[in-house]
Amino acid sequence: MQTSSDRHEYPAHWEADVVLRDGGTARIRPITEEDADRLVSFYEQVSDESKYYRFFAPYPRLSAKDVHRFTHHDFVDRVGLAALIGDEFIATVRYDRVGAHGLPASHPSDEAEVAFLVQDAHQGRGVASALLEHIAAVARERGIRRFTAEVLPANTRMIKVFTDAGYTQKRSFEDGVVRLEFDIEPTDRSLAVQRAREQRAEARSVRRLLEPGSVAVVGVGRAPQGVGRSILGHLRAAGFPGPLYAVNRAFGEDRAWIDGVPAHRSVRDIGRPVDLAVIAVPAEQVPEVVAECGAHGVQGLVVVSAGYAESGPEGRERQRALVRQARAHGMRIIGPNAFGIINTAPGVRLNASLAPAMPRPGRIGLFTQSGAIGVALLSRLHRRGGGVTGVTGVSTFVSAGNRADVSGNDVLQYWYDDPDTDVVLMYLETIGNPRKFTRLARRTAAVKPLVVVQGAAPQGHAVRTTRLPHATVSALLRQAGVIRVDTITELVDTGLLLARQPLPQGPRVAILGNSESLGVLAYDRCLAEGLRPKPPHDLTTAATAEDFRAALAQALADDTTDAVIVTAIPAVGEGAAEDAALAEALRSAAEAVPGKPVLVVHVELGGLAEALSAAASTGPAAGAPAPAPSDAAPTPSTRPPTPAPEPPHVPAPGLPAPGAETHPGTDTHPVTDPRLGTRLIPAYPAAERAVRALAEAVRYGQWRRDAADPGKVPEYDDIDEQGAAALIDRLLAPGKAVTLDTEDTCALLAHYGVPVQRALPAPTPDAAAEAARTLGYPVALKATAPHLRHRADLGGVRLDLADEDQLRRAYAELTDLFGQPMEVRPVVQAMVPRGVDTVVRAVIDPAAGAVLSFGLAGAPSQLLDDMAHRLVPVTDREATSMIRSIRTAPLLFGWRGSAPVDTAALEELLLRVSRLIDDHPEVVALTLEPVVVAPRGVSVLGAGVRLAPPPARDDLGPRTLPLY
């Protein structure tokens, strides 16, 4: 927050890039006195009707006095914001603080009048809604809590902006004007509206990249080799149905075609609209190309050019400039240093990437920051795509490279409601906005599985690093519904199972097959993964396909079975016919009981894997020729050749026709491939890989069931959020962190109903005696020196001192053992009811976001790391599970005859701390230790709080893109 000394300076932190409703971008920033010409130009482009709605009278032009008033602000009582595309205003908003009678006022008045004006050409793009979010956030920062607005009844669009915002409103009609009054404190409804708009806008911005109507490749070389020429060939080979254009400023005037595609020296020379430009020129030439694309109205860019953040500080600055330039034209960027994007949808068939072959169409969405990992994932999915009833492929693929603009969060917004994607696989090197990622992950995982591998960030990238252990980060992501795996092999294994099979309803697993050894291996791995396997059913090596079918049908029909693992080894001498018969037998049995997952573990002697994928293949026809490069005009009609149609798919015998309905949101998750119409049985070459994938599916299925009733973040009447904010504002100096002293710590916690037991300093024995008389006996004497704090095992804590004699003896013993009082730092504290000592911590982690942690004090948490962690905000159900999830939890519930403690009071304490951290991101670290949980009530005996300016990017304010 700003202090009185700098409130009138230009508030640079109000600047933001936003995504508009149609997927384009705009920049929001404060209006300054240098904007006079821009304001006049903007006003001249607004229609007379819009001017009338703004000023309630004909107002053809702004006077010099108007221009001065609308461009000179104190950024406290009078604030103006503008939305810009390029260097031009497209909309403005302002507030003026007013008093009780609507006259200009200053602090402490908490009401302001707000007014908008949007250029007619940009109305309907959601500009006013975005400006309202930002001006409301600015007003709250300046102590304003309520907006008023006067609108003509005919100005229905502006009335709708206010009424749809989700704030609690009062409406009146007087003298022919609609008067609106509304509090601007965020509500559940306003936050839901904001996030719904965010999802639609960001999804639309990604859709414009993944579903273009036309594509230009900039940097198509004249020689057959080269990145640009390769990408153009991949687009043609994939059968992209829209217009393609090749661009290279080195083309001669006589060149009209290259590889059957119209050739141009500049994007400006293309006489038709271009939706997507793929840029493959040296980094120093990219700014000129981006400028041309922006002037031509290109909607999005894929920049495969290297030489940016991966190359060092100079490249990082070049990358920032690239993002600023693109957003100034309303464009979004994938890259730079990107591998490219792929969309296998039949109406799109886009391969704007360096992948030489289009992957199989399917239901899996892939995101990776690394091009090399992207290649590996596509390759493994291609090899592993086979199943008992067909193949599984990719819906869309995004390799974001340096992730300068479009990130995994944006693509998650797209996949959330993409009807062609049922499972999401992500390889992440960094999480740029952890709070937002966990929020989007939780929402996505509620309807579609999300499997993530998090790798190390490349050298030279400016990324956030976590201070939490790997296991803790994994646990936090799992709480958001993320299926966290360690390798890309596990990523593919788990993704294929979730894309092909229903979610298991529990951990009970039946194992059957013709190999006793494979069955035992699967059984042991199930136990190790926390599943509940039944003894393997050995069919012997003499089992026929019919024996497999009957055994699988029986296992699936058993109500005490949630999933089945089939192990299979082919007999020596068996051929393709036997393999096909086994595949058909397993398929028919699984089809009869569609609600339970089936997995196959196979040992391949030659033909089984092929049989498992040959039932239905969507791969390209064998021997299909690739398009031959050509510089000549394609036909006498000067039209480029029409791409060959995709080979028709012929379903396997007995399968439904393509396009069968799917229901990815149900608990059983019967994911289907619309090109196959049925679920597929995945095959694994090793038992441990199959079991690990199944265990992840079981855990995810349980999370889905729990997420159906996640609980709520409770409200407490005695929480004083504004009082805490005022205290933080007073204590936190701009740009500096501070560790609060005991008095301020207790005051801050008291605003959230968390009392801390007083601890009075005792620098002398007499001071200790006086403190004890103040608090009342019995008391505790504690050494608070850093090396002795919370170390009862060293003798630095003396309890139940009943009188002054005992207190003075204890004081002498402490100083004899540990040194002078100034070294020991003794304090006196009143005794509290005996119970279990626990510790509560909260921290803002750079990579994970706000985290609440709980465990037993002392050895369990320090030596064994027996701590539970939850992402903030914590719900009541999460607080309950948090307490019960630590290994030492039995000590809280009456272990070995001890008295159970008040876990309800402990849950309330956790929820109050969670609220404090969630409401005030300036609280970057908090520790309560020890927290004594007695049979009735809890007592906080020690507390520490650290404040710091909130992270530059969080998930609490208005919609905004990361700034560069």
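To be clear, the structure that these remarks concern was listed above.
Residues numbered from 1 in each chain as written. Predicted model: local features only at pLDDT ≥ 70, side-chain atom pairs only at ≥ 80, totals over all residues. Heavy atoms only, no water.

### Thoughts on the overall build of the chain
Spelled out, the test is: Counting from the N terminus, the helices are the DSSP runs of H or I reaching at least four residues and the strands are the DSSP runs of E reaching at least two. Burial classification: accessible surface area is computed with a 1.4 Å probe over protein chains only, and a residue below 20% of its type maximum counts as buried, one above 50% as exposed, and the rest as partly exposed. Note on contacts: a residue pair qualifies if any of its non-hydrogen atoms lie within 4.5 Å across the two residues. Per-residue and other accessible areas follow the Shrake-Rupley method at a 1.4 Å probe size, with only the shown protein chains counted as cover for residues.
The secondary structure content of the chain amounts to 27 helices and 41 strands. By residue count, 54% of the 964 residues in the chain fall in the buried class. When contacts within the chain are restricted to residue pairs at least 6 apart in sequence, long-range pairs at least 24 apart make up 73% of them. Summed over all atoms, the accessible surface of the chain reaches about 40,000 Å², with 54% contributed by carbon and sulfur.

### Some remarks on the side chain of E133
Structurally, E133 can be placed in helix α4 (residues 127-141). Ignoring sequence-local partners within four residues, the contact set of E133 consists of Q194, R197, P958 and R959.

### Some details on the packing of aromatic side chains
Filter applied, for reference: Between the rings of Phe, Tyr and Trp (Trp by its six-membered ring), a pair exists once the centres lie within 6.5 Å; its type follows the angle of the planes, with under 30 degrees stacked, over 60 edge-to-face, and the other angles tilted. Throughout this description, the term charge over a ring refers to an Arg CZ or Lys NZ atom that lies within 6 Å of the ring centre and within 35 degrees of the ring normal.
For the structure shown, the criterion picks out 13 aromatic pairs. For the pair Y43 and F55, a centre-to-centre distance of 6.1 Å together with 70° between the ring planes defines the contact as edge-to-face. A residue pair is termed long-range when its members are at least 10 positions apart, and Y43 in helix α1 (residues 36-44) and F55 in helix α2 (residues 48-55) qualify at 12 residues. Taking relative accessible area as the criterion, Y43 reaches 3% and is therefore assigned buried. Aromatic side chains Y167 and F182 sit 5.8 Å apart centroid to centroid with 15° between the ring planes, which places their arrangement in the stacked category. One end of the pair, Y167, is in the loop between α5 (156-163) and β7 (169-174); the other, F182, is in strand β8 (residues 177-183), with 15 residues separating them in the sequence. An identical accessibility class is assigned to Y167 and F182; each is buried. An aromatic cluster is defined as three or more aromatic residues linked by ring pairs; in this entry it consists of Y95, F116, F147, F162, Y167 and F182. The cationic tip of R54 hangs over the ring face of F55; the distance from NZ or CZ to the ring centre is 4.7 Å.

### Remarks on the nonpolar core
The nonpolar side chains of a soluble globular protein tend to be buried with one another. Applied cut-off: Within this scheme, the nonpolar core is defined by two criteria: the residues are buried Ala, Val, Leu, Ile, Met, Phe, Trp, Tyr or Cys, and they are joined through side-chain atoms within 4.5 Å.
Ranked by size, the top nonpolar core spans 52 residues in total, and within it V215, I341, M426 and F437 carry the most contacts. Looking at which element gives the most residues to this core, the answer is helix α11 (residues 408-416), with four residues. Those residues in contact with V215 that lie beyond four places of it in its chain are L235, F240, P243, L244, Y245, L276, V278 and L350.

### A short note on helix α21 (residues 742-750)
Put simply, the test is: Note that the arc is defined by the directions from the helix axis to the C-beta atoms. Under the rule applied, a polar contact is a pair of N or O atoms within 3.5 Å (in protein, one hydrogen donor and one hydrogen acceptor; residues adjacent in sequence only if both atoms are side-chain atoms).
The complete set of buried residues in α21 reads D744, T745, L748 and L749. Viewed along the axis of α21, the buried residues span an arc of 130°, placing them on a single side of the element. Within α21, the exposed residues directed more than 90 degrees away from the buried face are T742 and E743. One side-chain oxygen of the residue at the start of α21 lies 3.3 Å from the amide nitrogen of E743, identifying that residue as D741.

### A few points about α5
Along α5, the positions that sit buried rather than exposed are M158, I159, V161 and F162. Considered in projection along α5, the buried side chains sweep an arc of 155° and stay on one side of the axis. Opposite the buried face of α5, at more than 90 degrees from it, the exposed residues are T156 and R157. Looking at the buried positions of α5, the neighbouring elements they touch are β5 (111-118), α4, β6 (146-151), β7 and β8.

### Description of the pattern of salt bridges
We apply this condition: By definition, a salt bridge exists where a carboxyl oxygen of Asp or Glu is found within 4 Å of a side-chain nitrogen of Lys or Arg.
On inspection of all chains with the given rule, the structure shows 58 salt bridges. Here R808 and E804 are joined by a salt bridge, their closest N and O atoms 2.9 Å apart. Within this pair, R808 and its partner E804 are both found in helix α23 (residues 804-818), separated by four residues, close to a single helical turn. R808 gets classed as partly exposed once you look at its relative accessible area, which sits at 32%. Shared partners join several salt bridges into a network, and the residues in it are E15, D17, R27, R327, R332, D405 and D410.

### Digging into the environment of E878
Inspection of the secondary structure assignment puts E878 in helix α26 (residues 876-885). With near-sequence residues (within four places) excluded, E878 lies in contact with R442, R870 and P873.

### Some points on the pairing of strand β13 (residues 276-279)
Going by this rule: The rule for pairing is simple: two strands pair if DSSP sees at least two bridges between them. Every crossover in which the path from the first strand over the helix to the second runs clockwise, viewed with the strands pointing away from the viewer, is termed right-handed.
Here β13 shows no split at all, with L276 and V278 on one side and A277 and I279 on the other all buried. Both strand β9 (residues 215-218) and β13 contribute to a ladder of four bridges, which runs parallel. Its bridge partner lying in β13, V218 is registered against I279. Sheet analysis places β13 next to strand β14 (residues 300-303), joined by four bridges and oriented parallel. Looking at the pairing, V278 lines up with V302 of β14. Between the parallel elements β13 and β14, the chain passes through helix α8 (residues 286-296) in a crossover that is right-handed.

### What about the side chain of T438?
Structurally, the position occupied by T438 is in helix α12 (residues 434-445). Residue T438 is classed as buried on the basis of its relative accessible area, which comes to 12%.

### Some thoughts on the packing of α11 against α12
Basically, it comes down to this: Angles here are taken between N-to-C directions and fall from 0 to 180 degrees, while the axes themselves are lines fitted to C-alpha atoms, restricted in helices to the stretch in contact. For classification purposes, an angle smaller than 35 degrees is called roughly parallel, one larger than 145 roughly antiparallel, one from 65 to 115 roughly perpendicular, and anything else oblique. Left-handed is the label given to a crossing in which the near helix is rotated counterclockwise from the far helix by less than a right angle, and right-handed is the label when the rotation is clockwise. In this count, Pro and Cys sit with the nonpolar residues alongside Ala, Val, Leu, Ile, Met, Phe, Trp and Tyr, while Asp, Glu, Lys and Arg are called charged and the others, Gly among them, polar.
Two elements in contact, α11 and α12, have axes separated by 10 Å at closest approach and are oriented at 20°. By the angle between their directions, the pair α11 and α12 is classed as roughly parallel. In this structure, α11 crosses over α12, and the sense of that crossing is left-handed. On α12, the residues touching N409, L412, Q413 and Y416 of α11 are K436, F437, L440, A441, R443 and T444. Here the contact of α11 with α12 is composed, by residue class, of five nonpolar, three polar and two charged.

### A look at the sheet that holds strand β2 (residues 25-30)
Reading across from one edge, β1-β2-β3-β4-β5-β6-β8-β7 is the order of the eight strands in this open sheet, with mixed pairing throughout. Two strands bound the open sheet, and with one partner strand each, they are β1 (16-19) and β7. The sheet shows a mean angle of 25° between the axes of neighbouring strands, taken without regard to direction. Where β5 meets β6, three bridges bridge the pair, whose relative direction is parallel. What sits directly across from A112, in β6, is F147.

### Thoughts on the sheet that holds strand β34 (residues 797-801)
The strand order β32-β35-β33-β34 describes an open sheet built from four strands, whose pairing is antiparallel. Here the strands that pair on one side only, and so sit at the sheet edges, are β32 (759-761) and β34. In this sheet, adjacent strand axes meet at a mean angle of 25° when their direction is disregarded. Both β32 and strand β35 (residues 826-830) contribute to a ladder of three bridges, which runs antiparallel. When the sheet's bridge partners are listed, P761 is paired in β35 with V827. Most of the contacts of helix α22 (residues 765-775) go to β35, to which it runs at about 15°, and overall it touches β32, β33 (779-783) and β35. Relative to β34, α23 is tilted by about 175°, and along the sheet it contacts β33, β34 and β35.

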